[in-house]
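Summary of the model geometry
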Amino acid sequence: MKSQARVVVIGGGVVGASVLYHLTKLGWPDVVLVEKHELTAGSTWHAAAGVHTYNSDANVSRLQKYTIDLYREIEKSSGQSCGIHATGNLVLAATPEVLDNLKLMHSRAKYLGMETHLITPAEAHKLNPLFDPKCFVGALHRADGGHVDPNGVTHAYTGAARKVGAEVYRHTRVTGLSPRRDGGWLVQTDKGDITCEHVVNAGGLWAREIGRMAGIELPVLAMEHMYIVTEPIPEVAALARELLPTTDYFGEIYMRQEGQGALLGTYERDCRIWSPDTAPWDFNMQLLPDDLERLAPHLELGFKHFPPIGRAGIKKVVNGPFTFAPDGNPLVGPVRGLRNFWSACGVMAGFAQGGGVGLALARWMAEGDPGADVFAMDVARFGAFATHPYTLIKVPENYSRRFRIAYPNEELAAARPLRRTPVYDRLKSAGAVFGASFGLEVALWYAPDGMEPVEEPSYRRSNAFPIVREECLAVRHSVGIMDISGFGKYEITGKGAAAWLDRVLACRVPKPGRMVLAPMLNERGTIMGDFSLARLADDRFLMIGSGVAEVFHMRWFERLGIPDGVSVRPMASALNGLMIAGPKSRELLQRLTRNDVSNTAFKFFAAREMTVGLVPATVARASYAGDLGYEIWCSPDYQVTLYDALVESGRDLGLCHFGGRALMSLRLEKNYGAFFREFRPDYTPVESGLDRFVAYDKADFVGRAAALRDRAEPPKKKLVAMVVDSDVEVVGYESIMLGPEAVGQVTSGGYAHWAGKSMAMGYVRSDLARDGTELDILIFGEPRRARVQATPLFDANGGRQRR
Ligand SMILES: Cc1cc2nc3c(=O)[nH]c(=O)nc-3n(C[C@H](O)[C@H](O)[C@H](O)COP(=O)(O)OP(=O)(O)OC[C@H]3O[C@@H](n4cnc5c(N)ncnc54)[C@H](O)[C@@H]3O)c2cc1C
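What this report covers is the structure whose coordinates are included nearby. (Residues numbered from 1 in each chain as written. Predicted model: local features only at pLDDT ≥ 70, side-chain atom pairs only at ≥ 80, totals over all residues. Heavy atoms only, no water.)

Time to look at the packing of aromatic side chains. Centre-to-centre distance and the angle between the planes together describe a pair of aromatic rings. One pass over the full model with this rule turns up 36 aromatic pairs. Taking the centre distance of 6.4 Å and the plane angle of 50° together, the rings of Phe552 and Phe675 count as tilted. Linking Phe552 in helix α15 (residues 550-560) with Phe675 in the loop between α18 (660-668) and α19 (685-688), this pair joins segments that are 123 residues apart in sequence. Judged by its relative accessible area of 6%, Phe552 falls in the buried class. Between Phe604 and Phe605, the aromatic rings sit 4.7 Å apart at their centres with planes inclined by 45°, giving tilted as the arrangement. You'll find Phe604 and Phe605 in the same group, each marked buried. By way of ring pairs, the aromatic residues Tyr249, Tyr254, Tyr267, Phe322, Phe324, Tyr399 and Phe403 are connected into one cluster. Directly above the aromatic system of Tyr424 lies the positively charged group of Arg420, at a separation of 5.3 Å from the ring centroid. We note Arg460 situated over the ring of Phe780; from NZ or CZ to the ring centre the distance is 5.2 Å. (Phe/Tyr/Trp six-rings, centres within 6.5 Å; stacked < 30°, edge-to-face > 60°. Helix = DSSP H or I, 4+ residues; strand = E, 2+ residues; numbered from the N terminus. Buried < 20%, exposed > 50% of the residue type's maximum accessible area, 1.4 Å probe, protein only. Lys NZ or Arg CZ within 6 Å of the ring centre and 35° of its normal.)

Rendered as structure tokens:
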């Protein structure tokens, strides 16, 4: 065994093997994989190993497609069969709601380059004659996917990696990890120590324990999972070709052919955690006792939907553990606060996602960047709120809902409320319906007296629709108040603060008392952040961005380096905010401050410290609602006092509460983009239109060279806003069509209530990004006419904000 290597990958499951392979592929041959038992000995060996391309995040879907396509390549380079059954697969809809879900998948697939077909139950029945077509109303056929051999795949990855120099040490257990002064790691094993530059935690069932060796608690947990395998089924034996693997969301089951019989699994609601506190090190290639009682309700429905399976005897039951993060997506990337410690765990669909996880992580390590926006699987999407007890509650919630439809307006109940702002009770009394964002309760909308503060989950306009409309109109006509504590906030101070910001941000740093919109780029010249930056004094700044990106952004700042004498402080729990917006917001603010806040004294994009009521606050004249408005920031101990003063003084002005849903509607009719939707590391300033805030003539800033190259070339795609002729709104990632050709993809959308129009934003081929261009958006499978709207529907010249 080597005593030194560039990278030590801990874990020889499908994920660690994929990371090893991808590192060698990118030219890092000095990598070793350490496995405590045999390769696959964790959750990999007993997987059903079904593969498909669908994920609610488009980039994760792309990586799943990459994974599936990769299997032929690793078979070739390793000489090891992956046991590929490239059958494609079926998803069945037993209800109109599930059918909507399938139509959404179909609408997204076109632009992603995936072949799908919406078909009738009778057509689907020809592809899988085991189900009863009478139980279903529709189906989706996906040409990609099928299933593979878990052992073959894992050995194909390691085999290909070994051919170019990687080494694999089996029966070698990592027992400790110590960071070294030079930024590398000392990896202790029961066979000796290895010093290395980088450590990858691909420990699967033991990833949490490996994290603990490095002093962190990863939000990952293993759940028991069962499937049954039947005796031979005559209907299967009679088939001329293999059955299509099939998922039945309503029945919450998946099935595929196994020999002459069937394999059928379920994500049971009455689920079980495996090893809540510590996973046993001596658990190798073992299964857990089965518990058919727990499966019974699902099997009953499954046998009704698939009668021949019900008639066959059960040959065996497989119950094995595998891991999940609280939202079911992987935990990938560099861990903030640890140098050269990389996470590749929490991968619940290792055969569908393992290749993509390996590719993204290897690029991140070798090239400093995963190559695309992978926030949906970034370990940084969880903050300090995602503790071990939180994980113990959220993972079972996610598991038990795995096959239930996730509605875009749905908020999950477990582990809530967790983080609350001081005005939480006040907002609740005002009727707030809350959602959770980065663990914080944020008001989405306010139920009026007499209405239950509950939103019905729906793909269509919900019971909140008319209420949100009223909130939007109240903001546009008088003044609204919103708790904006969920925004991301950073205080940057110190003598070198301005110089540091000048390097990190692509914009010009504002003068004291002023604000700017501040794009932040990576070295590839794509968007890493979209902030507003207020300069409160020569060496003191307040920067506002996306709340869910706090760890993501802090990790980035730290990677770029924060010099001595500069402090960058995340303020999630240290600063609270209230926004007032609408034509009467100035009058309201003026009633509470002795400062002159007239248009001449306190201009658009001014920022100042002032006393509001009794509260020392920082006030920024800006509003994402796209109207006259102010963000008022104070420390948590003052927020209730500030809120009470604003509500009291605003009563006769018609002050209303508005929530996140209204804000998203108001920003749409201003064509404002949102971070991780329109602005994300997939797009450049020119493509997104953020180029107007980039100071290309600055001496230097991170990403400048790439940004200049980007500006010199005509863009291939451009961000546009579109008015859509539809009575149902887009969800996101739908394909934008020009005739039969997919020419773009929706990033977000909704109903613009003041304008009275359904709207969508998205990236389209740049020659189509002209005002008035007529396109179609596939919404739930139907093409709906969409017209490019170059100027905002509300306040096109910005006069209301500036007056
Ligand atoms: C019943 C069942 C059915 C499934 N069906 C599917 C499916 O149809 N499709 C799909 O995509 N996925 C499926 N999965 C999930 C899939 O198995 C996992 O996503 C995948 O195995 C995760 O791989 P991994 O490499 O992350 O973890 P693991 O397979 O757990 O690998 C981790 C490895 O790390 C090693 N290790 C841990 N700690 C140490 C240490 N300290 N030192 C050295 N080595 C260490 C372990 O021995 C282990 O081999 C299923 C899982 C189960 C249980």
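With respect to the helices and strands, Ser18 occurs in helix α1 (residues 14-25). A residue is classified by how much of its surface remains accessible, and Ser18, at 0% relative accessible area, is buried.

What follows covers the site of the ligand. Inspection of the region around the ligand gives 39 residues, with Glu35, Thr44, Gly50, Val347 and Gly350 positioned closest. Between Val14 and the ligand, the recorded distance is 3.3 Å, taken from a backbone N or O atom to an oxygen atom. In this structure, Ala48 approaches the ligand through a main-chain N or O atom, which is 3.1 Å from a nitrogen atom. Considering the ligand on its own, with 1,000 Å² of exposed area, one finds that the protein chains cover 98% of that surface. For the shell around the ligand, the elements supplying multiple residues, two or more each, are α1, β12 (221-230), β17 (314-324) and α10 (350-367). Across the shell around the ligand, the residue classes tally to 22 nonpolar, 14 polar and three charged. (Near = heavy atom within 4 Å. Polar contact = N/O pair within 3.5 Å; in protein donor to acceptor, adjacent residues only side chain to side chain. Areas by Shrake-Rupley, 256 points an atom, 1.4 Å probe, with all protein chains shown as cover. Nonpolar A, V, L, I, M, F, W, Y, C, P; charged D, E, K, R; others polar.)

Turning our eyes to something else, we now look at the sheet that holds strand β22 (residues 480-483). Ordered in space as β29-β30-β31-β28-β22-β32, the six strands form an open sheet in which the pairing is mixed. On the outer flanks of this sheet lie β29 (607-612) and β32 (656-657), each paired with one strand and no other. Here strand β28 (residues 576-581) runs beside strand β31 (residues 629-634); their pairing, made up of six bridges, is antiparallel. By the bridge assignment for β31, Ala581 is matched with Gly629. Contacting β22, β28, β29, β30 (615-620), β31 and β32, helix α17 (residues 636-650) runs over the sheet at an angle of about 20° to β28. (Pairing = 2+ DSSP bridges. Contact = heavy atoms within 4.5 Å. Axes fitted to C-alpha atoms, helices over the stretch in contact; angles between N-to-C directions.)

For the rest of this paragraph, the subject is the packing of helix α13 (residues 465-477) against α18. It is at 9 Å that the axes of α13 and α18 come closest, and there the two elements cross at 60°. Taken together, the axis directions place α13 and α18 in an arrangement best described as oblique. Seen along the crossing, α13 lies across α18 with a hand that is right-handed. From α13, Val468, Glu471, Cys472, Val475 and Arg476 reach across to α18, where they touch Arg661, Ala662, Ser665 and Leu666. Here the contact of α13 with α18 is composed, by residue class, of five nonpolar, one polar and three charged. (Parallel < 35°, antiparallel > 145°, perpendicular 65-115°, else oblique. Left-handed = near helix turned anticlockwise from the far one by under 90°.)

Moving on to the pairing of strand β9 (residues 174-179). With five bridges joining them, β9 and strand β10 (residues 185-189) adopt antiparallel strand pairing. If you follow Leu177 over to β10, its bridge partner there is Val187.

By size, the foremost hydrophobic cluster in this structure holds 82 residues, and its most contacted members are Leu177, Phe341, Ile492, Leu501, Leu505, Met543 and Phe557. Element by element, the count of residues in this core is highest for α15, at six residues. Once you skip the residues sitting within four places of it in the chain, Leu177 turns out to touch Ile10, Trp185, Leu186, Val187, Gln188, Val199, Ile210, Met213, Ala214 and Phe341. (Core = buried A, V, L, I, M, F, W, Y, C linked by side-chain atoms within 4.5 Å.)

Going from Arg416 to Pro417, the amide bond is cis rather than trans, its omega being -10°. Residue placement: Pro417 occurs in the loop between α11 (388-400) and α12 (424-429). Positive phi is not limited to glycine here, since His171 has a value of about 55°. Residue placement: His171 occurs in the loop between β8 (167-169) and β9. Looking at His171, the relative accessible area reads 34%, which means it is partly exposed. The phi torsion at Asp795 lies on the positive side, around 50°, for a residue other than glycine. Overall, Asp795 belongs to the buried group, its relative accessible area being 12%.

Evaluated as defined, the whole model comprises 52 salt bridges. Here Asp502 makes a salt bridge to Lys698, at a shortest N to O gap of 3.2 Å. One end of the pair, Asp502, is in helix α14 (residues 497-504); the other, Lys698, is in the loop between α19 and α20 (704-712), with 196 residues separating them in the sequence. One salt bridge connects Glu609 with Arg540, and the closest N-O pair in it is separated by 2.8 Å. Of this pair, Glu609 sits in strand β29 while Arg540 sits in strand β26 (residues 540-545), placing them 69 residues apart in sequence. On the basis of relative accessible area, Glu609 is assigned to the partly exposed category, the value being 40%. When salt bridges that share partners are traced, they join Asp57, Asp373, Arg680 and Asp682 into one network. (Salt bridge = Lys/Arg side-chain N within 4 Å of Asp/Glu carboxyl O.)

Spatial strand order, β33-β36-β35-β34-β37-β38: six strands in a closed barrel with antiparallel pairing. Ignoring strand direction, the axes of neighbouring strands in this sheet form an average angle of 45°. Note: strand β34 (residues 735-738) against strand β35 (residues 741-752), four bridges, orientation antiparallel. Of the residues in β35, the one forming a bridge with Leu738 is Glu741. In the packing of α18 onto the sheet, contacts are made with β35 and β36 (757-765), and the angle to β35 comes to roughly 125°.

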